[in-house]
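Summary of structural features
Below, each chain spelled out in residue letters.
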Amino acid sequence: MGRLRLRTAGESHGPAVCAILDGMPHGVRVDKQAIDADLRRRQQGYGRSGRMQIEHDEVEVLAGLRDGRTLGTPLALVVRNRDHSAWSASMDPFHAPEARPLTRPRPGHADLAGALKLGLHDARDVLERSSARSTVARVAAGAVARALLRACGVEVMSHVVRIGPVTAPSALGLRPEEIAALRIRAEEDAECGSGMRCADPRAAAAMRAAVMEAQQQGDSIGGVVEVVAWGLPPGLGRHDEWDGRLDGRLAQAAMSVQAIKAVEIGLGLESASRPGSAVHDPILYQQGRFLRPSNNAGGIEGGLSNGEPIIIRAAMKPIPTLARPLASVDLVTKEPFPAQKERTDSCAVPAAAVVVEAAAAWVLCDALLDKTGGDTLNEVLAALARYWDGLRRF
Ligand code: EPS
C-alpha cells in the first residue's frame, strides 16, 4: 500500500457524489477546468441514457486547495447530482416519505446479492450506491492524480478497442509519439465523431452501429477499453511482495470499476498460448540506453514498471438493466417476474474507458510517490530528476 488514500461517498440520486483524497504533496497545480474536462469526458459516449442530458458534472472543492495549488492536506471534492431534485422525496437524507422500491432484482446488477447481504426486500439502498454514478468521484480524483503525473512528465490516455464483436487496433507496441497521435484521434472521436472513443474511424462507425442495434433490440452491449500510460521511469512498484506489485495494483483498480469483468496487462491472455520466445521482449543496449523492440509485457515485468508504456485492457460486461428484461423473482412475493425496467444506458464503454484511465492514474501517481517520497511537489520533482540522472549514468 502506498501513501495515497481515496474514499468516495454518494448515492446515485442523492444530493452529490464526494471524494476525499489524502496524501497529495503540497504545491501541485490543479485547475478546475482540468477536473471538469475529465468529468465531461466521462459523460460522453454514444449509448448513454437520458440521465446524461440531466447531469452537467462540475467539481466543487471544499478543502485541500488554495489559489489553484494543493495544500498538502486532504482534498474534499463534491459533484452535485442534478437529478436529485426529481428524487428528493425518496432520497432526502432526513425525510424521504416516498419509497420507490426495487423488488425485482436485475440479473447482473448488485440488487439481489446486496439485498440478501443486508436482509432487504427492497434493493433501493443497494443500487443507489452500487450505481456507476459513483465513478464521478474516481474520475475527479484521477484528474488530481493526473495533474501531479503531468508535472512529472507522465501522460495517461484511454480508448475503446472492442464493442461486442467489433474490434479496433491496440496500442501495444506503439512508441510514445504514436500513442499521443492515437489519443488525439480517440478524443476527437469521443467529442465530435462516433461517440465511441475509438481512434479507428471504420471500427468506430461499426461500433456505433452495434450499439444502435443493441438499443433497437432492447438489449445492452459491452466491450474492451485500453489505457496507456507513458513517460514513467522503470522501477515503480515492488517485485518483492504481492500487494506492492504494480500489475496487481492496477488490476485491482481497474477490476473495481463497475461492470469490469476482466483485466489484462500487455499481451495478457494471449501470452498463455504463445511460446516464451514469442512473448518476452528482447533487451537491447544502444546509445547508452536499454531498449525493447516490442512491448508484450505492457510495460511491467516482475511487478515493476520497466520504462516502456504501460498497457492495461479491461473488459466491460453489457449494462444489466435491459429494456427487454430477463427473468427475475420478486423479493417480496417470490413470484417469477421480468426484472425491473429502469431508465438505462445501452452502452457505457466509452465512459468506462475514462474511469479506468482515472483509476490507473491514481495507482500510478501513488507508485511514483512511493519511489520519490516528498512532502512538496518540488521535493518530488527533485527526487525524480536525481533518479532519472542515475538511470542515465547507470
Ligand atoms: C446507472 C444507471 C443510470 C446511469 C448511471 C448508472 O442512472 P439512472 O438509473 O439514474 O438512469 O445513467 O450513470 C450515471 C448517472 C453516471 O453519471 O454515469 C447504474 O445503475 O449503474
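Values in this document were obtained by computation on a predicted structure and should not be read as measured data. Position numbers for residues start from 1 in each chain and track the written sequence from start to end. Given that this is a predicted model, residues contribute local features only at a pLDDT of at least 70 and side-chain atom pairs are listed and counted only at 80 or more, while totals for whole chains, interfaces and linings are drawn from all residues. Side-chain measures here rest on the full set of heavy atoms in the structure, leaving out hydrogens and waters.

1. What to know about the overall build of the protein
The helix and strand inventory of the protein stands at 11 helices and 18 strands. For this measure, only C-alpha atoms enter the radius of gyration; the expected value for a globule follows 2.2 Å times N^0.38, where N is the number of residues. What you see for the protein is a C-alpha radius of gyration of 22 Å, in line with the 21 Å of a compact globule of 394 residues. Seen through its C-alpha atoms, the protein measures out along the principal axes to roughly 70 × 50 × 40 Å. Between buried and exposed lies partly exposed: a residue is buried under 20% and exposed over 50% of the maximum accessible area for its type, with that area taken using a 1.4 Å probe on protein chains only. With 394 residues in all, the protein has 49% of them scored as buried. Should any heavy atoms of two residues lie within 4.5 Å, those residues are counted as being in contact. The contacts of the protein with a sequence gap of at least 6 include a subset with a gap of at least 24, amounting to 72%. Approximately 18300 Å² of the protein is accessible, and the part contributed by carbon and sulfur atoms is 55%. The charge count treats Lys and Arg as positive and Asp and Glu as negative. His and the chain ends do not count. Where a charge lies is defined by one atom per residue type, namely NZ (Lys), CZ (Arg), CG (Asp) and CD (Glu). Between the centroid of the 48 positive side chains of the protein and the centroid of its 47 negative side chains there is a distance of 1 Å. Secondary structure is summarised from DSSP: a helix means a run of H or I of at least four residues, a strand means a run of E of at least two, and numbering begins at the N terminus for each. Note on areas: Shrake-Rupley, 1.4 Å probe, and residue coverage restricted to the protein chains presented here.

2. Some points on the nonpolar core
Nine residue types can take part in a nonpolar core, namely buried Ala, Val, Leu, Ile, Met, Phe, Trp, Tyr and Cys, and a core is a set of them joined through side-chain atoms within 4.5 Å. Judged by nonpolar contacts, the single largest core of 81 residues is most densely connected at Met-24, Leu-148, Ile-163, Leu-246, Leu-250 and Ile-310. Here this core takes 17 residues from helix α10 (residues 349-372), the largest share from any one element. Once you skip the residues sitting within four places of it in the chain, Leu-148 turns out to touch Met-24, Pro-25, Val-28, Cys-365, Leu-368, Leu-369 and Leu-377. Membership of the second largest hydrophobic core comes to 9 residues, among which are Ile-179, Ala-186, Val-228 and Trp-230.

3. Side note on the packing of helix α1 (residues 32-43) against α10
With their axes 7 Å apart at the nearest point, α1 and α10 run at an angle of 140° to one another. Of α10, the residues touching α1 (which contributes Asp-38, Arg-41 and Arg-42) are Ala-351, Val-354, Val-355 and Glu-357. For this classification, Asp, Glu, Lys and Arg are treated as charged, while Ala, Val, Leu, Ile, Met, Phe, Trp, Tyr, Cys and Pro are nonpolar and the rest, including Gly, are polar. In terms of residue class, the contact of α1 with α10 is made up of 3 nonpolar, no polar and 4 charged. Every axis in this analysis is a line fitted to C-alpha atoms, fitted for helices over the stretch in contact. Angles between the N-to-C directions lie between 0 and 180 degrees.

4. Brief notes about a nonpolar patch on the surface
Taken together, Ile-283, Tyr-285, Phe-290 and Phe-394 make up a surface patch of nonpolar side chains, about 530 Å² in accessible area. With respect to the element layout, Phe-394 can be found in the segment after α11 (377-392). The exposure class of Phe-394 is exposed, given its relative accessible area of 70%. Only residues whose relative accessible area exceeds 30% and that take part in no salt bridge are eligible for patches, with like-charged residues grouped when within 9 Å of each other and nonpolar side chains (Val, Leu, Ile, Met, Phe, Trp, Tyr) grouped when within 5 Å. Only one rule defines a salt bridge in this text: a Lys or Arg side-chain nitrogen within 4 Å of an Asp or Glu carboxyl oxygen.

5. Structural notes on the sheet that holds strand β4 (residues 59-63)
When DSSP locates at least two bridges between a pair of strands, those strands are taken to pair. The 4 strands lie next to each other as β1-β2-β7-β4, forming an open sheet whose pairing is antiparallel. Each having just a single partner strand, β1 (5-9) and β4 make up the two edges of the open sheet. This sheet shows a mean twist of 20° between the axes of neighbouring strands, independent of strand direction. Taken strand by strand, helix α6 (residues 135-151) contacts β1, β2 (16-22) and β7 (75-80), and its axis lies near 35° from that of β2.

6. Focus: the sheet that holds strand β9 (residues 166-167)
On the basis of which strands lie adjacent, the open sheet formed by 5 strands has the order β9-β8-β10-β16-β11 and antiparallel pairing. Pairing within the sheet leaves two strands with one partner each, and these edge strands are β9 and β11 (260-265). Note: strand β10 (residues 223-230) against strand β16 (residues 310-316), 7 bridges, orientation antiparallel. What sits directly across from Ala-229, in β16, is Ile-310. Contacts between helix α7 (residues 176-192) and the sheet are confined to β8 (155-163) and β10, with β8 contributing the most and set at about 60° to the helix. Across the sheet, α10 lies against β8, β10, β11 and β16, angled at about 145° from β8, the strand it touches most.

7. Considerations on the site of the ligand
Close to the ligand lie His-13, Arg-42, Arg-48, Ser-49, Arg-51, Met-52, His-109, Ser-131, Ala-132, Arg-133, Arg-343 and Asp-345. Contacts described as polar in this section are N or O atom pairs within 3.5 Å, which, within protein, must combine one atom able to donate a hydrogen with one able to accept it, while residues neighboring in sequence count only if both atoms come from side chains. Within the contact set of the ligand, an oxygen atom lies 2.9 Å away from a side-chain nitrogen or oxygen of Arg-48. In isolation the ligand offers 470 Å² of accessible surface; the protein chains occlude 90% of this area. Of the residues contributing to the shell around the ligand, the split by class is 2 nonpolar, 4 polar and 6 charged. Here, proximity means that at least one heavy atom of the residue falls within 4 Å of the molecule or strand.

8. Thoughts on the side chain of Ser-131
Mapped onto the secondary structure, Ser-131 falls in the loop between α5 (124-130) and α6. The class of Ser-131 is buried, set by a relative accessible area of 16%. Beyond its immediate chain neighbours, meaning those up to four positions away, Ser-131 contacts Ser-12 and Gln-258.

9. Comments concerning the pattern of salt bridges
Inspection of the entire model under this criterion finds 32 salt bridges. Residue Arg-104 is joined to Asp-330 by a salt bridge in which the shortest nitrogen-to-oxygen separation is 3.1 Å. Of this pair, Arg-104 sits in the loop between α3 (88-91) and α4 (111-118) while Asp-330 sits in the loop between β17 (327-329) and β18 (336-338), and the two are 226 residues apart along the sequence. Note on Asp-330: relative accessible area 5%, which makes it buried. One continuous salt-bridge network, built from bridges that share partners, spans Arg-42, Arg-51, Glu-55, Asp-57, Asp-83, Arg-133 and Arg-343.

Take it as geometry only, folks, not as evidence of what the structure does.
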